[in-house]
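Structure at a glance
So the chains spell out like this:
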Amino acid sequence: MSVPATSRTRRDHQYFGRVRLGLGQGEGPIIYEVLEYGTGVIKTEPESMRGDTYNVTGLGLGVGWTVRRVTISTEAAVGSEDRADPAARISLGVSFQYRILLADSP
């Protein structure tokens with residue numbers, strides 16, 4: 001993220017709790033909603049803010065495809081950060097999931 005009126009770049013790590021709720025069958029297409037809530041920690045510039053924490057929230061949508069035990073999906077979420085210089089944020093993700101156990105079918 002760029003800091004307004006300065007050439008420095010601020011980098012920080014964000015730790016999320018995420019919930020995915022959606023629709024899909026055993027195989028084929030899936031669609032789901034993403035809810036994110038977490039805490040960010042400022043790790044670099046400016047030094048006076050280093051170690052400060054802030055809340056991160058987001059809401060998004062994901063789509064994917066399931067074949068047997070493998071699901072591949074992509075998602076995007078839009079949210080906010082409540083820090084001294086609040087900013088809108090966008091997160092993009094791709095996931096690969098492998099289920100070890102399959103549920104018994106009736």
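Procedures and definitions
- Residues numbered from 1 in each chain as written.
- Predicted model: local features only at pLDDT ≥ 70, side-chain atom pairs only at ≥ 80, totals over all residues.
- Heavy atoms only, no water.
- Helix = DSSP H or I, 4+ residues; strand = E, 2+ residues; numbered from the N terminus.
- Buried < 20%, exposed > 50% of the residue type's maximum accessible area, 1.4 Å probe, protein only.
- Contact = heavy atoms within 4.5 Å.
- Areas by Shrake-Rupley, 256 points an atom, 1.4 Å probe, with all protein chains shown as cover.
- Salt bridge = Lys/Arg side-chain N within 4 Å of Asp/Glu carboxyl O.

Examining the overall build of the protein chain
For the protein chain, the helix and strand inventory stands at zero helices and five strands. The buried share of the protein chain, taken over its 106 residues, is 26%. Restricting the contact set of the protein chain to residue pairs at least 6 apart, pairs at least 24 apart contribute 51%. A total of about 7400 Å² of accessible surface is found on the protein chain, and carbon and sulfur atoms cover 59% of it.

Brief notes about the pattern of salt bridges
Applying the stated criterion across every chain, the model contains four salt bridges. Residue Glu36 is joined to Arg18 by a salt bridge in which the shortest nitrogen-to-oxygen separation is 3.2 Å. Separated by 18 residues along the polypeptide, Glu36 in strand E2 (residues 28–42) and Arg18 in strand E1 (residues 12–24) bring together distant segments of the chain. Taking the shortest distance from any N to any O, the salt bridge between Glu75 and Arg20 comes out at 3.5 Å. Taken together, the positions of Glu75 in strand E4 (residues 70–81) and Arg20 in strand E1 put the pair 55 residues apart, joining distant regions of the chain. For Glu75, a relative accessible area of 10% puts it in the buried group. The class of Arg20 is partly exposed, set by a relative accessible area of 31%.

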